[in-house]
Amino acid sequence: MKSTENVIEPAETRSVNPKIFTMWLFIVSIIMLFAAFTSAYLVRKAEGNWVEFEMPSLFSYSTGVLILSSIMMHYSLLAAKKDQFNALRMSISITFVLGLLFLVMQFYGWIQLVEMNVYFVGNPSGSFVYVLSGLHGLHLVSGLVVLIFALVAAFRLKINAKQLTQIKICATYWHFLDALWLYLFVFLLINN
Amino acid sequence: MSTATSHAEEVHTHDHSHDHEHEHHELNFWTKYVFSTDHKTIAKQYLISGILWAFIGGSFSIIFRLQLGFPDMQLDWLRPILGEWIDEGGKLDKEFYLALVTMHGTIMVFFVLTAGLSGTFSNFLIPLQIGARDMASGFINMLSYWFFFLSSMIMFASLFLETGPASGGWVIYPPLSALPQAMPGSGLGMTMWLTSMTFFIISSLMGGINYICTVINLRTRGMTFTKMPLTIWSFFFTAVLGLLSFPVLLSAALLLIFDRSFGTSFYLSEIYIQGQALPNMGGSPILYQHLFWFLGHPEVYIVLLPALGMTSEIIATNSRKPIFGYRAMIGSMMGITVLAFIVWAHHMFVTGMNPFLGSVFMFLTLIIAVPSAVKAFNYITTLWRGNLIFTPAMLFSIGLVSLFISGGVTGIILGNSALDINLHDTYFVVAHFHLVMGAASFFGLMAGVYHWFPKMFGRMMNKTLGYIHFWFTFVGVYMVFFPMHYIGIAGFPRRYYSFTAVGNDGAAAFTDMNAFISIAAIITFTAQAIFAWNFFYSIFKGKLAPQNPWNSNTLEWTAPINPEHGNWVGEIPAVYRWPYDYSKPGAEQDFIPQNVPFSATKSSNLPEEEAEIAKEKDIDGLLGAQNESYNR
Ligand code: HEM
Ligand SMILES: [Cu+2]
């Protein structure tokens with residue numbers, strides 16, 4: 001596998017690095033997935049028979065946590081560009097922990113929903129909240145996997161000012177997942 | 001190819017890349033033929049899987065055609081294959097009939113004409129025609145095939161379930177598909193259908209992302225967008241369509257899975273089954289149709305565009321003429337790609353949607369006829385007064401043009417929201433989409449196989465068998481699908497086991513015609529054995545292929561006859577001109593390959609092309625950067 005990749009897979013000489021470009025295309029497909037869900041939400045809502053309820057308060061806090069993690073992610077990238085390895089390790093670890101924290105908070109947000117008698121099985125207005133937050137969570141798990149690879153690489157000094165591709169991919173994906181949740185949350189706040 | 005080797009001065013960096021070439025060639029059987037990352041091997045895997053699926057899917061249609069054409073026939077002789085699906089009376093089981101129709105549609109649309117067509121030719125031709133050593137990511141490409149394989153296996157296994165495979169039509173509308181109680185096929189069969197399709201979507205997305213990324217990033221020096229062959233343009237647009245629409249199908253499928261397995265009510269509302277009310281409240285089955293057709297309509301173009309692209313290439317080559325309206329072709333494909341996303345509701349005219357909305361979608365639908373017609377005219381004008389060379393690939397391409405036109409015309413009729421009230425879900429629709437999508441794309445697939453077989457396997461297919469195969473298929477397809485228009489107009493609905501209540505004694509009046517269609521179908525299907533034999537025999541025993549059997553201009557014919565992983569030995573050729581310099585006045589030969597610089601063809605250059613000579617230095621100057629990108 002290794003030698004094949006060396007020969008076949010081109011490195012960054014072109015205007016866009018193919019790996020980062022691939023990540024963007026992947027992001028486009030995720031955007032379409034959620035665009036479909038949110039359009040489905042609107043179409044379904046327009047048909048009436050729609051139970052309204054408050055968003056769980058934890059979702060607001062978890063949103064804050066996710067934004068914070070994005071800031072830390074950005075800080076990691078800056079640190080990597082300047083070869084500040086300690087700062088890099090520190091901030092990328094914090095990003096990871098905040099990501100985990102976000103997931104835990106989302107889960108407790110679901111528990112709050114259940115306490116409000118909004119269940120996964122029931123009126124679609126509630127089911128949609130579970131589906132949107134759940135699938136976002138699932139994607140965040142994949143984001144954590146990407147992050148853990150970058151984290152390990154950072155601890156092994158494989159990320160530095162000359163080798164930025166990995167952390168760039170990781171940061172792009174992470175910021176995207178952050179923005180995606182912001183979109184979903186605002187969408188739900190407005191339309192619920 | 002004298003032209004390919006004429007750049008002796010470029011060979012200096014060649015040794016380096018050559019060494020690399022050899023390192024990874026000590027591959028064992030598994031890495032070479034099975035878990036290969038070579039785009040050419042992956043393409044062949046897709047092709048052979050597609051062919052096998054085509055025979056399975058085709059045989060299903062023969063079985064249900066027997067029922068439709070000869071409703072009284074004794075089918076006991078099928079019992080060794082179908083077992084219990086032939087009931088005691090020697091008749092085809094009614095539920096299994098629906099399963100066959102569903103599986104036929106699913107297999108043909110997704111496994112044969114999406115994976116088998118796009119998967120094969122996008123994989124095979126993109127790197128070879130744009131001048132790349134492989135896809136952007138060989139690994140993701142390999143995963144893409146194996147996800148498809150997994151998806152295939154799950155679908156295949158579902159055929160053997162006691163309750164049968166999914167049976168609600170290839171569009172699997174809820175509530176029929178959402179409730180296991182609704183029909184046997186909505187049980188485990190539907191679960192497996194959804195699982196299989198989920199893997200299929202993942203596979204398509206991985207493939208598509210790779211195609212787009214490769215086309216944008218890995219073109220050889222000089223290969224600007226406006227020098228790309230139309231094949232590449234079509235694969236590119238196909239991949240864009242897939243990237244934007246398959247996730248939507250995934251969302252539709254996921255919500256259906258939640259409804260089926262967890263009891264949510266996205267699509268289900270106030271349903272009684274056998275007198276019992278289900279708990280589901282507040283869902284909307286129409287919502288599913290919107291989501292499905294948002295993929296479903298682009299999907300029909302995902303199936304057709306690659307065929308159109310390959311046909312452009314084959315028709316230009318074998319007419320020995322430049323393609324007529326190169327930019328108009330790109331423009332119309334772009335138009336089709338955009339419009340494909342805003343016409344989906346023409347599949348839903350009779351769902352009770354707002355008639356005003358219906359008119360909007362009718363208007364948008366009819367606009368699609370414009371770029372489609374542009375393409376049809378361009379094919380015809382390319383053929384017009386060309387030096388036609390009737391290779392089997394050329395015949396299949398011309399066949400495609402014919403089918404595309406005769407099927408497209410009925411699209412305009414169906415696109416009328418008032419006429420569609422009468423025609424919706426009848427055999428008229430079946431005739432329409434089989435001609436314009438099924439048969440046309442199938443012809444594109446066949447044209448592609450006949451044309452690029454020498455590049456794939458280094459051998460030629462037998463021409464005579466190719467001609468026989470073509471005529472059987474061409475005449476056969478028309479005999480099968482043309483009469484269906486009349487049956488549809490007479491009011492025969494599709495996906496019905498038997499016709500006991502068609503008005504005006506229609507069933508009796510059309511008995512002969514139905515029998516005729518079935519016989520034609522059997523003949524056409526049987527004729528495909530000629531192809532199968534020709535294909536598999538020629539892989540091993542065919543005549544050895546020359547370097548450039550069709551005197552074609554595109555880059556793949558400059559690669560060795562049996563290219564290794566990495567495609568070109570030494571430098572990848574540069575590109576100086578568009579791919580359609582056929583029969584250029586003043587040229588020595590009637591074709592000038594893309595890698596021949598204008599400075600070498602002074603006698604045939606047009607005035608404005610003299611200016612291109614100055615740019616050749618710039619193009620050659622990119623060599624270092626290009627090598628760099630592979631040798632890091
Ligand atoms: C001039 C262009 C076209 C127009 C105006 C058009 C219009 C339509 C309309 C209105 C329907 C719905 C009929 C109904 O269910 O009552 C339909 C069905 C269909 N069309 Fe077309 N069409 C066009 C071209 C194409 C092309 C190029 C393809 C494939 C490559 C295609 C494939 C299909 C398929 C697969 C269906 C049936 C799907 C199903 O119900 O299972 N059409 N078309
Ligand atoms: Cu359509």
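Residues numbered from 1 in each chain as written. Chains lettered and ligands numbered in written order. Predicted model: local features only at pLDDT ≥ 70, side-chain atom pairs only at ≥ 80, totals over all residues. Heavy atoms only, no water.

Peer 1: An account of the overall build of chain A is requested, with residue identities and associated values reported.
Peer 2: Counting its secondary structure elements, chain A contains six helices and zero strands. By principal-axis analysis of the C-alpha atoms, chain A measures approximately 60 × 35 × 25 Å. In chain A, which comprises 192 residues, the share counted as buried stands at 52%. Excluding contacts between residues fewer than 6 apart, the proportion of contacts in chain A whose partners are at least 24 apart in sequence is 83%. With an accessible surface of roughly 8,700 Å², chain A has 68% of that area assigned to carbon and sulfur atoms. Of the side-chain charges in chain A, 12 are positive and 9 negative, and the distance between the mean point of each set is 15 Å. (Helix = DSSP H or I, 4+ residues; strand = E, 2+ residues; numbered from the N terminus. Buried < 20%, exposed > 50% of the residue type's maximum accessible area, 1.4 Å probe, protein only. Contact = heavy atoms within 4.5 Å. Areas by Shrake-Rupley, 256 points an atom, 1.4 Å probe, with all protein chains shown as cover. Lys, Arg positive; Asp, Glu negative; His and termini not counted. Charge placed at Lys NZ, Arg CZ, Asp CG, Glu CD.)

Peer 1: How would you summarise the site of ligand 1 if you had to cite specific residues and measurements?
Peer 2: All names here are of chain B. Lining the immediate environment of ligand 1, one finds 21 residues, of which Trp170, Asp420, His424, His432 and Arg494 sit closest. Within the contact set of ligand 1, an oxygen atom lies 2.4 Å away from a side-chain nitrogen or oxygen of Asp420. If you map ligand 1 onto the pockets, it falls in the second largest pocket. Elements that contribute at least two residues to the shell around ligand 1 include exactly helix H10 (285–319), helix H13 (392–414) and helix H15 (427–457). Of the residues forming the shell around ligand 1, the biggest block, five residues, is contributed by H15. Of the residues belonging to the shell around ligand 1, the class tally is 11 nonpolar, eight polar and two charged. (Near = heavy atom within 4 Å. Polar contact = N/O pair within 3.5 Å; in protein donor to acceptor, adjacent residues only side chain to side chain. 1 Å grid on protein atoms, 1.4 Å probe; cavity = no way out; pocket = protein on both sides within 12 Å on 5 of 7 lines; lining within 4 Å. Sits in = over half its atoms within 2 Å of the grid points. Nonpolar A, V, L, I, M, F, W, Y, C, P; charged D, E, K, R; others polar.)

Peer 1: Please set out the coordination of the copper ion (ligand 2) residue by residue, giving values where relevant.
Peer 2: All names here are of chain B. For the copper ion (ligand 2), every protein donor is listed as His297 (ND1), His346 (NE2) and His347 (NE2), and the spread of their distances is 1.9 to 2.0 Å. Sequence spacing of the donors to the copper ion (ligand 2): H-x48-H-H. The distance between the copper ion (ligand 2) and the iron atom of ligand 1 is 4.6 Å. Linking His297 in helix H10 with His346 in the loop between helix H11 (326–339) and helix H12 (355–383), this pair joins segments that are 49 residues apart in sequence. On the basis of relative accessibility, which here comes to 15%, the residue His346 falls in the buried class. (Donors = N, O, S within 2.8 Å, 3.2 Å for Na, K, Ca; no water.)

Peer 1: Run through unusual backbone geometry, naming residues and quoting values.
Peer 2: All names here are of chain B. Here the amide bond leading from Pro174 into Pro175 is cis, since omega sits at 5°, within 30 degrees of zero. Relative to the assigned elements, Pro175 resides in the loop between helix H7 (138–158) and helix H8 (188–217). For Arg385, which is not a glycine, the phi torsion comes out positive at approximately 55°. Locating Arg385 in the fold gives a position in the loop between H12 and H13. The exposed category is assigned to Arg385, whose relative accessible area is 74%.

Peer 1: So what about the domain arrangement of chain B? Which residues, and what values?
Peer 2: Where interface size is given, it is often the accessible area lost as the parts come together that is meant. Residue and element names in this part refer to chain B. Once the domains are mapped, chain B shows domain 1 (3–11 + 571–631) and domain 2 (33–268 + 297–362 + 376–541). Placing the centre of domain 1 and that of domain 2 at their C-alpha centroids yields a distance of 38 Å. Every contact between the two is made by 22 residues of domain 1 and, on the other side, 21 residues of domain 2. Of the roughly 1,800 Å² buried between domain 1 and domain 2, counting both surfaces, carbon and sulfur atoms make up 56%. On the domain 1 side of the interface with domain 2, the three residues burying the most area are Tyr580, Tyr582 and Tyr630, jointly 36% of the side's total. At the boundary of domain 1 with domain 2, the tally comes to one salt bridge. Across the salt bridge formed by Arg320 and Asp590, the nearest N and O atoms sit 2.9 Å from each other. At the surface where domain 1 touches domain 2, the tally comes to 11 residue pairs in polar contact (both at pLDDT 80 or more). (Domains from an automatic or database assignment. Buried area = accessible area lost by both parts, 1.4 Å probe. Salt bridge = Lys/Arg side-chain N within 4 Å of Asp/Glu carboxyl O.)

Peer 1: Residues and numbers for the coordination of the iron atom of ligand 1, please.
Peer 2: For the iron atom of ligand 1, the sole protein-derived donor is His432 of chain B (NE2), lying 2.2 Å away. Within the secondary structure, His432 of chain B is located in helix H15.

Peer 1: For the state of the cysteines, give the residues involved together with the corresponding values.
Peer 2: Structurally, a disulfide amounts to a covalent bond that connects the sulfur atoms of two cysteines. The full count for this structure, using the stated rule, is zero disulfides over all chains. In this model Cys170 of chain A remains outside any disulfide bridge; the closest cysteine sulfur is found in Cys213 of chain B, 19 Å from its own. Overall, Cys213 of chain B belongs to the buried group, its relative accessible area being 0%. (Disulfide = S-S within 2.5 Å.)

Peer 1: Mind laying out the packing of H15 of chain B against helix H18 (residues 511–541) of chain B, listing which residues take part and the relevant values?
Peer 2: All names here are of chain B. Between H15 and H18, the least distance of the axes is 11 Å, while the angle of their chain directions is 15°. As the angle between them shows, H15 and H18 are arranged roughly parallel. The two elements H15 and H18 cross, and the hand of that crossing is left-handed. Across from Phe442, Met446, Val449, Tyr450, Phe453 and Phe457 in H15, the residues of H18 making contact are Gln528, Phe531, Asn534, Phe535, Ser538 and Ile539. Split into classes, the residues belonging to the contact of H15 with H18 amount to nine nonpolar, three polar and no charged. (Axes fitted to C-alpha atoms, helices over the stretch in contact; angles between N-to-C directions. Parallel < 35°, antiparallel > 145°, perpendicular 65-115°, else oblique. Left-handed = near helix turned anticlockwise from the far one by under 90°.)

Peer 1: Can you tell me about the nonpolar core, naming the residues and giving the values?
Peer 2: The nonpolar side chains of a soluble globular protein tend to be buried, and buried together. Counting 253 residues, the largest nonpolar core has Leu92, Phe110, Phe121 and Phe535 of chain B as its most contacted members. The contacts of Phe110 of chain B, once residues within four sequence positions are left out, are Gly105, Ala115, Trp170, Met197, Phe200, Phe246, Leu249, Leu295 and Glu299 of chain B. (Core = buried A, V, L, I, M, F, W, Y, C linked by side-chain atoms within 4.5 Å.)

Peer 1: So what's going on with the packing of aromatic side chains? Which residues, and what values?
Peer 2: All names here are of chain B. Enumeration over the complete set of coordinates arrives at 77 aromatic pairs over all chains. With a centroid separation of 6.1 Å and 70° between ring planes, the pair formed by Phe148 and Phe200 is classed as edge-to-face. Here Phe148 is found in helix H7, whereas its partner Phe200 is found in helix H8, with 52 residues between them in sequence. Like Phe148, the residue Phe200 is buried in the burial classification. Between the aromatic rings of Phe200 and Phe246, the centroid separation amounts to 6.2 Å while the plane-to-plane angle is 65°, which identifies the pairing as edge-to-face. Of this pair, Phe200 sits in helix H8 while Phe246 sits in helix H9 (residues 230–262), and the two are 46 residues apart along the sequence. If you follow Arg219 out to its NZ or CZ, it ends over the ring of Phe225, 4.0 Å from the centre. Cation over ring: Arg577 sits above Phe598, and NZ or CZ is 4.4 Å from the ring centre. (Phe/Tyr/Trp six-rings, centres within 6.5 Å; stacked < 30°, edge-to-face > 60°. Lys NZ or Arg CZ within 6 Å of the ring centre and 35° of its normal.)

Peer 1: Summarise the layout of surface pockets; cite the residues concerned and give the values.
Peer 2: Residue and element names in this part refer to chain B. For the second largest pocket, the calculated volume is near 1,100 Å³. Counting only elements with at least two residues in the lining of the second largest pocket, the list comes to H10, H12, H13 and H15. Here the lining of the second largest pocket gets nine residues from one element, more than from any other, and that element is H12. (Points joined across faces, edges and corners; volume = space filled by probe spheres on them.)

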